[in-house]
Amino acid sequence: LPDDSHMGFGMVLKNFNIDSPDLNSLITNPALRIQDWHQGSVIENINSSYYDNFLDSSNNYYTIFKNIKTLTPVVGTKARYIFRGSHNLSYMEMCLGANSAVGYLFEGPVTAFTMKSMSFEGMAIGAHFKSAVYDISITDSYMEAVDDVVLKFDSYVNVCKLSNNYINYATKPNMCLVEYTPLPA
């Protein structure tokens, strides 16, 4: 909507299902795209199937992503959740993106970001941070059956807190918990 394309306040999207009539392939366009400083917004209680990329979020803060389930019967080749630009003071809880190449892809800096009760399961890479992480907290989450690495950091990490998470290597013994790029001091 043109009126909500920039600087939206208090937008709420919740309690619905997004489906596709084609049960044999994945839709390549994102199911939801939010951008340009939507603050105080809530995206909650959404289920979807058949989307290779469910959420494409650019430059948002004070945003809550809660209870989003994006399962697909076909293994995806993209990231299920993409965060472009800056994401500050945002919160994710009870989100799922199984059968994806990357569960949660952060292409911009992350500041004061909380991930709680998340599922890092059935993906090649759980969360991939391509830019600086200034502060992230990942707690009470489920980490199992990841093909490669659960948390991958490509740039500076100032603060990363991992606490009270369930981690199971039994089904994927080569799974790595954290991978990071060594950077100069």
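Now for a quick tour of the structure. In this text, all values refer to a predicted model and were calculated from it rather than measured experimentally.

Rules used throughout
Residues numbered from 1 in each chain as written. Predicted model: local features only at pLDDT ≥ 70, side-chain atom pairs only at ≥ 80, totals over all residues. Heavy atoms only, no water. Helix = DSSP H or I, 4+ residues; strand = E, 2+ residues; numbered from the N terminus. Rg over C-alpha atoms; globule rule 2.2 N^0.38 Å. Buried < 20%, exposed > 50% of the residue type's maximum accessible area, 1.4 Å probe, protein only. Areas by Shrake-Rupley, 256 points an atom, 1.4 Å probe, with all protein chains shown as cover. Lys, Arg positive; Asp, Glu negative; His and termini not counted. Charge placed at Lys NZ, Arg CZ, Asp CG, Glu CD. Salt bridge = Lys/Arg side-chain N within 4 Å of Asp/Glu carboxyl O. Polar contact = N/O pair within 3.5 Å; in protein donor to acceptor, adjacent residues only side chain to side chain. Contact = heavy atoms within 4.5 Å. Core = buried A, V, L, I, M, F, W, Y, C linked by side-chain atoms within 4.5 Å.

Description of the overall build of the protein
Phase 1: If you tally the helices and strands in the protein, you get 0 helices and 16 strands.
Phase 2: Against the globule reference of 16 Å for 185 residues, the protein gives a C-alpha radius of gyration of 16 Å, in line with a compact fold.
Phase 3: The C-alpha extent of the protein, read off along each of the three principal axes, is 45 × 40 × 25 Å.
Phase 4: Per-residue burial over the protein gives 46% buried out of 185 residues.
Phase 5: For the protein, the computed accessible surface area is about 8,600 Å², with 53% contributed by carbon and sulfur atoms.
Phase 6: A gap of 2 Å separates the mean positions of the 12 positive and 18 negative side-chain charges of the protein.

Digging into the side chain of R80
Phase 1: Residue position: R80 is located in strand 6 (residues 79–88).
Phase 2: Despite its burial, R80 pairs with no opposite charge; the closest candidate is D52, at 4.6 Å N-O.
Phase 3: Within the structure, the side chain of R80 is placed 2.6 Å from the backbone oxygen of T70, a separation counted as a polar contact.

Thoughts on the side chain of S90
Phase 1: Relative to the helices and strands, S90 resides in the loop between strand 6 and strand 7 (91–96).
Phase 2: Apart from residues no more than four positions distant in its own chain, S90 is found in contact with N60, Y61, Y62, T63, A112, F113 and T114.

Brief notes about the nonpolar core
Phase 1: Counting residues in each nonpolar core, the largest one holds 34 residues, and the members touching the most others are F65, Y81, M92, Y104, M115, F120 and F129.
Phase 2: The element that contributes the greatest number of residues to this core is strand 13 (residues 142–153), accounting for 5 residues.
Phase 3: If we ignore the near neighbours within four places in the chain, the residues touching Y81 are N53, F54, L55, I68, T70, M92, C95, L96, G97, G103, Y104 and L105.
Phase 4: The next biggest cluster of nonpolar side chains, apart from the first, holds 6 residues, and it includes A79, V102, L105 and I125.

Regarding the pattern of salt bridges
Phase 1: This model, assessed by the stated rule, comprises 7 salt bridges.
Phase 2: D56 is the salt-bridge partner of R84, the closest N and O atoms lying 3.0 Å from each other. With a gap of 28 residues between them, R84 in strand 6 and D56 in strand 4 (residues 55–61) connect regions that are remote in the sequence.
Phase 3: The partly exposed category is assigned to R84, whose relative accessible area is 31%.
Phase 4: For D56, a relative accessible area of 5% puts it in the buried group.
Phase 5: Note that K152 is salt-bridged to E179, the shortest N-O span being 3.8 Å. A residue pair is termed long-range when its members are at least 10 positions apart, and K152 in strand 13 and E179 in strand 16 (residues 176–180) qualify at 27 residues.
Phase 6: For K152, a relative accessible area of 18% puts it in the buried group.
Phase 7: By relative accessible area, E179 is classed as partly exposed at 30%.
Phase 8: Salt bridges here are not isolated pairs; linked through shared partners, they connect R33, D56, R84 and E107.

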